[in-house]
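# Report on the structure
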Amino acid sequence: MSEDGRALHFFEKELDYLHASARSYDAKAQIASVGYLFTIGVVRIGFEERPGGWAWPGAPAAALGLLVVVLPVVLFAFVLWPRYRFRVAALPTHRGAPRTITMSWFEGRGGREAAAEAETVDWTAELGFEIEKLRELRNQKRSRFLLALTISFVSLAVLLARIAVLG
């Protein structure tokens, strides 16, 4: 195998790994949001079993309670939100704008022009660019997931504290 072939092979492996790890945050967010909703259901039962039931002292408190319950679910959904626009300037090692893989470079061009461009492209640079983009996307999904997880723990702590104080 030539040196270029080896580099392309390892870049393809890295690209596969990054795709899998970025998708894993999607699965984690879906599982965590379902688990959070089940936990909220159990907390709701705790509120209903105490004397006074599920009563909030006024509309502002009810709105705040709804925000505490809904915000983590929205943040978990934000992990799943697709990101179509990618800021090239945010990439640390970006030098050019190779986009042959995603074909965004060819918008408005015909098939022959796209094929001619694909024959002359440096695929090592192209795959390196895609790896940088996926690495950035994975890190963004990770930070969004950790934020959603932290907010869900805080919201559960607030609800459990409310049960303890009023119950």
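Here, the structure is the one placed above.
Residues numbered from 1 in each chain as written. Predicted model: local features only at pLDDT ≥ 70, side-chain atom pairs only at ≥ 80, totals over all residues. Heavy atoms only, no water.

Before going further, it helps to spend a moment on the overall build of the protein. In terms of regular secondary structure, the protein is built from four helices and zero strands. Along the protein, from the amino end to the carboxyl end, the secondary structure elements read α-α-α-α. Sequence separation of at least 24 residues holds for 83% of the intrachain contacts in the protein that already meet a minimum separation of 6. For the protein, the accessible surface area stands at approximately 10900 Å², while carbon and sulfur atoms represent 64% of it. (Helix = DSSP H or I, 4+ residues; strand = E, 2+ residues; numbered from the N terminus. Contact = heavy atoms within 4.5 Å. Areas by Shrake-Rupley, 256 points an atom, 1.4 Å probe, with all protein chains shown as cover.)

Attention now moves to the pattern of salt bridges. Close approach of charged atoms allows side chains of opposite charge to pair. Per the counting criterion, the structure on display carries three salt bridges. Across the pair Lys-141 and Asp-26 runs a salt bridge, and its minimum N-O distance is 2.6 Å. In this pair, Lys-141 sits in helix H4 (residues 123-166) while Asp-26 sits in helix H1 (residues 3-49), placing the two residues 115 residues apart along the sequence. Classification of Lys-141 by relative accessible area gives buried; the value is 9%. A salt bridge links Glu-130 to Lys-133; the nearest nitrogen and oxygen atoms lie 3.3 Å apart. Here Glu-130 pairs with Lys-133, and both are found in helix H4, just three residues apart, close to one helical turn. Among the residues examined, Lys-133 registers a relative accessible area of 17% and is labelled buried. (Salt bridge = Lys/Arg side-chain N within 4 Å of Asp/Glu carboxyl O. Buried < 20%, exposed > 50% of the residue type's maximum accessible area, 1.4 Å probe, protein only.)

A few words now on the packing of aromatic side chains. If you walk through the whole model with that rule in mind, you get two aromatic pairs. Aromatic side chains Phe-76 and Phe-145 sit 6.0 Å apart centroid to centroid with 55° between the ring planes, which places their arrangement in the tilted category. Placement of Phe-76 in helix H2 (residues 59-80) and of Phe-145 in helix H4 is noted, with a sequence separation of 69 residues between them. Both residues of the pair, Phe-76 and Phe-145, belong to the buried class. An aromatic cluster is built from Tyr-25, Phe-76 and Phe-145, whose rings are joined through pairwise contacts. Across from the ring centre of Tyr-25, 4.5 Å away, lies the NZ or CZ of Lys-28, which sits over that ring. (Phe/Tyr/Trp six-rings, centres within 6.5 Å; stacked < 30°, edge-to-face > 60°. Lys NZ or Arg CZ within 6 Å of the ring centre and 35° of its normal.)

Following the sequence through the fold, Ser-155 ends up in helix H4. Classification of Ser-155 as buried rests on a relative accessible area of 4%. Those residues in contact with Ser-155, other than ones at most four positions away along the chain, are Tyr-36, Val-68 and Pro-72.

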